[in-house]
Amino acid sequence: QVQLVESGGGLVQAGGSLRLSCAASGSDFIIYTMAWFRQAPGKQREFVAQITTAGTINYANSVKGRFTFSRDNAKNTAYLQMDALKPEDTADYLCNAAVRVGGAQTENYWGQGTQVTVSA
């Protein structure tokens, strides 16, 4: 079993920064693609950014140039540096990862989420 735990959310003023972390824990697992999604109240979950094992990164247009996604494979941890935050970035941010545990098939894992609130 693998767990993804997000941290780093909080309340920040518009223009400010936050750094989210997503740490994977468990045993005998390999993480492939990792991603961040977000969901605001009353809205559908939306893609934020994705990073492959090789380090290829894709961003949603809405965050491109402001957010930076990175990962530390040795620590099984991904980071989302969020700068120039806007009120419309307010949402619950969820970590997602494609994980293979032991010899099993690769499966999709989700964290519990961390709340980001940006005040005007």
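It should be noted that the structure appears before, not after, this text.
Quick caveat, the model's predicted, so the values are computed rather than measured.

A. Here's a closer look at the environment of leucine 11. With respect to the secondary-structure elements, leucine 11 resides in strand E2 (residues 10–13). Judged by relative accessible area, leucine 11 falls into the exposed class, the value being 66%. Sequence spacing of leucine 11 and lysine 64 is 53 residues, and the spatial spacing of their C-alpha atoms is 21 Å. Aside from chain neighbours lying at most four places away, what touches leucine 11 is Thr117 and Ser119.

B. Quick peek at the state of the cysteines. Scanning the model with the defined rule gives 1 disulfide in all. In this model cysteine 22 forms its disulfide with cysteine 95; the gap between the sulfur atoms is 2.0 Å. Handedness of the cysteine 22-cysteine 95 disulfide follows from its S-S torsion of about -80°: it is left-handed. Within this pair, whereas cysteine 22 is found in strand E3 (residues 18–26), its partner cysteine 95 is found in strand E9 (residues 91–101), the two being separated by 73 residues in sequence.

C. Structural detail: the side chain of glutamate 6. Turning to its location among the elements, glutamate 6 is positioned in strand E1 (residues 2–7). Summary of buried charges: glutamate 6 has no salt-bridge partner, and the nearest side chain of opposite charge, arginine 45, is 8.6 Å away. One polar contact links the side chain of glutamate 6 to the main-chain amide nitrogen of cysteine 95, over a distance of 2.8 Å. Reaching out from glutamate 6, the side chain makes a polar contact with the backbone nitrogen of glycine 113 at a distance of 2.9 Å. Leave out the neighbours within four places in its chain, and glutamate 6 touches Ser21, Cys22, Trp36, Tyr93, Leu94, Cys95, Gly111, Gln112, Gly113 and Thr114.

D. Representation of the packing of aromatic side chains in the model. Applying the stated criterion across every chain, the model contains 2 aromatic pairs. Ring plane angle 75° and centroid distance 5.8 Å describe the contact between phenylalanine 37 and phenylalanine 47, whose orientation is recorded as edge-to-face. Of this pair, phenylalanine 37 sits in strand E4 (residues 29–39) while phenylalanine 47 sits in strand E5 (residues 46–51), and the two are 10 residues apart along the sequence. The buried category is assigned to phenylalanine 37, whose relative accessible area is 19%. The class for phenylalanine 47 is partly exposed, based on a relative accessible area of 30%. Members of the aromatic cluster, each reached through a chain of ring pairs, are Phe37, Phe47 and Trp110. Above the ring of tyrosine 79, the side-chain terminus of arginine 19 is found at 4.1 Å from the ring centroid.

E. Seen up close, the sheet that holds E3. Overall, antiparallel pairing links the 4 strands, which are arranged E1-E3-E8-E7 in an open sheet. In the strand order of this sheet, the two ends are held by E1 and strand E7 (67–72), each with one partner. Each strand axis lies, on average, 15° off the axis of its neighbour in the sheet, ignoring direction. In this sheet, strand E8 (residues 77–82) lies alongside E3 in antiparallel orientation, the contact comprising 6 bridges. Across the sheet, leucine 18 pairs through a bridge with methionine 82, a residue of E8.

The rules we used
Residues numbered from 1 in each chain as written. Predicted model: local features only at pLDDT ≥ 70, side-chain atom pairs only at ≥ 80, totals over all residues. Heavy atoms only, no water. Helix = DSSP H or I, 4+ residues; strand = E, 2+ residues; numbered from the N terminus. Buried < 20%, exposed > 50% of the residue type's maximum accessible area, 1.4 Å probe, protein only. Contact = heavy atoms within 4.5 Å. Disulfide = S-S within 2.5 Å. Lys, Arg positive; Asp, Glu negative; His and termini not counted. Salt bridge = Lys/Arg side-chain N within 4 Å of Asp/Glu carboxyl O. Polar contact = N/O pair within 3.5 Å; in protein donor to acceptor, adjacent residues only side chain to side chain. Phe/Tyr/Trp six-rings, centres within 6.5 Å; stacked < 30°, edge-to-face > 60°. Lys NZ or Arg CZ within 6 Å of the ring centre and 35° of its normal. Pairing = 2+ DSSP bridges. Axes fitted to C-alpha atoms, helices over the stretch in contact; angles between N-to-C directions.

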